[in-house]
Amino acid sequence: MPGLEDLYREIILDHYRNPRNRGELAVPPAHRVEGFNPLCGDEIVVYLEVEDGAVTNVRIGGQGCSISQSSASMMTSAVKGRTVEEVRDLTRAFKAMMSIHETSLGGDDDVADEVPEVEVDLGDLEALRGVVKFPVRIKCATLSWNTLTQALDEAIADHS
Amino acid sequence: MALSLHDDLDTAAVRADFPVLAQPTRSGGPLVFLDSAASSQKPRQVLDAMTTFYETEFANVHRGVYGLAEMATARLEAARAAVARFIGAASAEEIIFTKNATEALNLVARSWGAANLGPDDAVVLSHLEHHANIVPWFQLQAERGFEIRWIPVGADGLLDLSTLDELLDGAKLLSVTAMSNVTGALPPIRQLTDAAHAAGALVCLDACQYVPHLACDLEALDVDFAAFSGHKMCGPTGIGVLWSRAELLDAMPPFLGGGGMILDVRLDGFTPDVAPAKFEAGTPPIAEAVGLHAAIDYLNAIGMERVRAHEVHLTEYTLRVLDERLGDRLTVHGPPEATERGGVFSLDLHGVHAHDVSQVLDEDGVCIRPGHHCAKPLMRVLGVNATARASVYIYNDESDVDALAASLERAADFFAF
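Just so it is clear, the model here is predicted, and its values are computed rather than measured.

Caption draft 1: Inspection of the overall build of chain B at higher detail. The helix and strand tally for chain B stands at 14 helices and 15 strands. Along the three orthogonal principal directions, the C-alpha set of chain B runs to about 70 × 55 × 40 Å. By the burial criterion, 56% of the 417 residues in chain B qualify as buried. Across chain B, contacts joining residues at least 24 apart in sequence account for 71% of those joining residues at least 6 apart. In the form shown here, chain B has an accessible surface area of approximately 16000 Å², with 53% of it arising from carbon and sulfur atoms. Looking at charge distribution, chain B has the averaged site of its 29 positive side-chain charges lying 5 Å from that of its 56 negative ones.

Caption draft 2: Looking closely at the sheet that holds strand S11 (residues 330–333) of chain B. Residues and elements named next belong to chain B. Pairing within the open sheet is antiparallel, and its four strands lie in the order S11-S12-S15-S14. The sheet is open, and its two borders are formed by S11 and strand S14 (369–371), each paired with just one other strand. Across this sheet, the average inter-strand angle for adjacent strands is 30°, counted without regard to direction. Strands S11, strand S12 (344–349) and strand S15 (387–391) of the sheet are contacted by helix H14 (residues 398–414), whose axis makes an angle of about 20° with S12.

Caption draft 3: Expanded view of the interface of chain A and chain B. If you look at the interface, chain A gives 23 residues, while chain B gives 22 residues. A combined buried area of about 1900 Å² lies between chain A and chain B, and 55% of that area is made up of carbon and sulfur atoms. Inspection of the chain A/chain B interface yields one salt bridge. The partner of Asp-356 of chain B in a salt bridge is Arg-137 of chain A, with the nearest N and O atoms 2.9 Å apart. Here chain A and chain B share seven residue pairs in polar contact (both at pLDDT 80 or more) between them. Those elements that place two or more of their residues in the side of chain A that touches chain B are helix H1 (4–7), helix H2 (10–17), strand S2 (42–51) and helix H3 (66–79) of chain A. Here the element with the most residues in the side of chain A that touches chain B is H2 of chain A; it accounts for three residues. Looking at the side of chain A that touches chain B residue by residue, the classes come out as 14 nonpolar, five polar and four charged.

Caption draft 4: A look at unusual backbone geometry. Here the bond from Val-27 of chain A into Pro-28 of chain A is cis, since omega is -20°, no more than 30 degrees from zero. Along the chain, Pro-28 of chain A falls in the loop between H2 and strand S1 (31–37). The omega angle of the peptide bond from Ala-275 of chain B to Pro-276 of chain B is 0°, so this bond is cis rather than trans. Position of Pro-276 of chain B among the secondary structure elements: in the loop between strand S10 (269–272) and helix H10 (286–302). One non-glycine residue, Asn-21 of chain A, lies in positive phi territory at about 55°. Of the residues examined, Asn-21 of chain A reaches a relative accessible area of 18% and is grouped as buried. The phi dihedral of Cys-234 of chain B is positive, around 75°, even though this residue is not glycine. Structurally, Cys-234 of chain B can be placed in the loop between strand S7 (225–229) and strand S8 (240–244).

Caption draft 5: Structural detail: the sheet that holds S8 of chain B. Residues and elements named next belong to chain B. Pairing is mixed in the open sheet, where seven strands are placed in the order S2-S8-S7-S6-S5-S3-S4. Of all the strands in the sheet, the pair left with one neighbour each is strand S2 (95–98) and strand S4 (147–151). Averaged over all neighbouring strand pairs, the angle between strand axes comes to 20°, with direction disregarded. Of the strand pairs in this sheet, strand S3 (residues 122–126) and strand S5 (residues 173–177) are connected by two bridges, and their pairing is parallel. Opposite Val-123, over in S5, you have Leu-173 as the bridge partner. Strands S2, S7 and S8 of the sheet are contacted by helix H3 (residues 67–87), whose axis makes an angle of about 115° with S2.

Caption draft 6: Seen up close, the side chain of Ser-144 of chain A. As for its placement among the helices and strands, Ser-144 of chain A is situated in helix H5 (residues 138–159). Not counting residues within four places of it along the chain, the set of residues in contact with Ser-144 of chain A comprises Ile-44, Val-46, Ser-71, Ala-72 and Met-75 of chain A.

Caption draft 7: Examining the packing of helix H4 (residues 101–116) of chain B against helix H5 (residues 135–144) of chain B more closely. Residues and elements named next belong to chain B. The N-to-C vectors of H4 and H5 enclose an angle of 25°; their axes lie 9 Å apart at closest approach. It follows from the interaxial angle that H4 and H5 lie roughly parallel. The way H4 lies across H5 gives a crossing that is right-handed. On the side of H4, the interface is formed by Asn-106, Val-108, Ala-109, Arg-110, Gly-113 and Ala-114, while H5 contributes Pro-136, Trp-137, Gln-139, Leu-140, Glu-143 and Arg-144.

Caption draft 8: Layout of H5 of chain B. Residue and element names in this part refer to chain B. When we look at burial in H5, the residues that qualify are Pro-136, Trp-137 and Leu-140. An end-on view of H5 places all buried positions within 95° of arc, on one side of the element. The secondary structure elements touched by the buried residues of H5 are H4, S3, S4 and S5. Backbone geometry just downstream of H5 places Gly-145 in the positive-phi region, at approximately 75°.

Caption draft 9: Up close: a negative patch on the surface. There is a patch of like negative charges on the surface, built from Asp-156, Glu-316, Glu-337 and Glu-340 of chain B. Structurally, Glu-316 of chain B is set in helix H11 (residues 304–326).

Caption draft 10: Just the state of the cysteines, in detail. Residue and element names in this part refer to chain A. One pass over the structure, following the stated rule, counts zero disulfides over all chains. Cys-140 supplies the cysteine sulfur nearest to Cys-65, a cysteine that is in no disulfide, at a spacing of 3.8 Å. Judged by its relative accessible area of 0%, Cys-65 is buried.

The rules behind the values
- Residues numbered from 1 in each chain as written.
- Chains lettered and ligands numbered in written order.
- Predicted model: local features only at pLDDT ≥ 70, side-chain atom pairs only at ≥ 80, totals over all residues.
- Heavy atoms only, no water.
- Helix = DSSP H or I, 4+ residues; strand = E, 2+ residues; numbered from the N terminus.
- Buried < 20%, exposed > 50% of the residue type's maximum accessible area, 1.4 Å probe, protein only.
- Contact = heavy atoms within 4.5 Å.
- Areas by Shrake-Rupley, 256 points an atom, 1.4 Å probe, with all protein chains shown as cover.
- Lys, Arg positive; Asp, Glu negative; His and termini not counted.
- Charge placed at Lys NZ, Arg CZ, Asp CG, Glu CD.
- Pairing = 2+ DSSP bridges.
- Axes fitted to C-alpha atoms, helices over the stretch in contact; angles between N-to-C directions.
- Buried area = accessible area lost by both parts, 1.4 Å probe.
- Salt bridge = Lys/Arg side-chain N within 4 Å of Asp/Glu carboxyl O.
- Polar contact = N/O pair within 3.5 Å; in protein donor to acceptor, adjacent residues only side chain to side chain.
- Nonpolar A, V, L, I, M, F, W, Y, C, P; charged D, E, K, R; others polar.
- Parallel < 35°, antiparallel > 145°, perpendicular 65-115°, else oblique.
- Left-handed = near helix turned anticlockwise from the far one by under 90°.
- Arc of directions from axis to C-beta.
- Patch = residues over 30% accessible without salt bridge, like charges linked within 9 Å, V, L, I, M, F, W, Y side chains within 5 Å.
- Disulfide = S-S within 2.5 Å.

Keep in mind these values describe shape, not function.
Have a look at this one:
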């Protein structure tokens, strides 16, 4: 059975205790999107500024558990200053890491190893890999990313 | 609420009846099951009754003239009668089997509500309600345009009844929980019923958390509808109950249409059967009814007064031990007096999210539930997004509470910064 240390890596707890890029941005120019985890009631607010095809600023509001909050915090650090395409690649790579295959459910195998390699450096986000061993917590980790994707779509639709 | 019994429940004997409690947890330790408010575990007597029924007496009910069909029908109707006796209903015909309490409440909204509520009417709910007693009324409101009013919750976690008469003025229905699934708060049902009836409103009771834990006497409560689920009272999933008075049921249109609920079907329409068949379209949960009957027999053998006395004792113990060991690191939402609440504890371990609390507890084999508990309006009143909810039942004892407290201490230390 995976232990707490598989889930709560030190870097995760650090981002939980000292969240980066928390707060709000003026709307407009920022886009504000709310995300909900209907299972637990967690709410997240993503403020996103996109300029010339790149994320110029991002802030996070709302409440959630250590996994959702640290995932959001790491996400802001990872996407700030990146191009929209880079952010989309990163999102795909992160969600691939968070996906579990049906055949591995219930097994003791290292589920994460079965996720196909993606050519994106996840950096600190790698620390969240252990979350897939706790399937009910995956939605906590992906909440901010799904909300970011929605904000990104809205920002791009707005610009075009 | 006066108590006639001290806690003399033999929990060791009860625990021996529940096979799952002997299962090791993922971490290998003993199972500390504190999630009965979500669903209770099942005693061997219930499991055996269902297996025996499937192995020796199963067929579809009604109409079949062969021996098995007669036997299965008799078992279903015996279960209906047992439910009626258990809650103090006037007759078995007043017991409608549904899928669960949620479907029972939807039945009240879609049948009685659709036939009786219009733009000039009002339905009164409370801030304590489960989504199952909120959303059906919003859904119907969108079609019928009536007003929904809310009885607020006071700082003591109980309903604030100071404006009750105004809220009930002109209302046609008061639909309230008999026990909060979040805080265990026990509203004063008879007081609410008297006030509602004086104002000309009917009363619908969400008795989901009440019937499994307290002796239920519908006559004494004087309500008009009551809904509850089998799976929270040692019975199986897939069966719930709606009770109402025969004269109300007679006047209500059917809910779901299909086989079993008609007297006649022609090319130009249909004629519904009488209650309870009128409200039981399709093959009913037959084996589940047999299981629910066995669960009622099991609870009756213990005695519901003894169940309540045990839970009051365990509630007092829980509130005391959590206060002693966690102190101001922990908030326990809800009424502070054990006699004003059931054994449901919504916990806020300061600085640690309910999800994280539950994760640490899981490693210690302690099963609780994080989240909003399908009561988001109440969560907003409490000013929280989520709580970690522990709940006790007949198979829990002081050692379970001690394990909970120890694991909460570990969670507080793990996340301390």
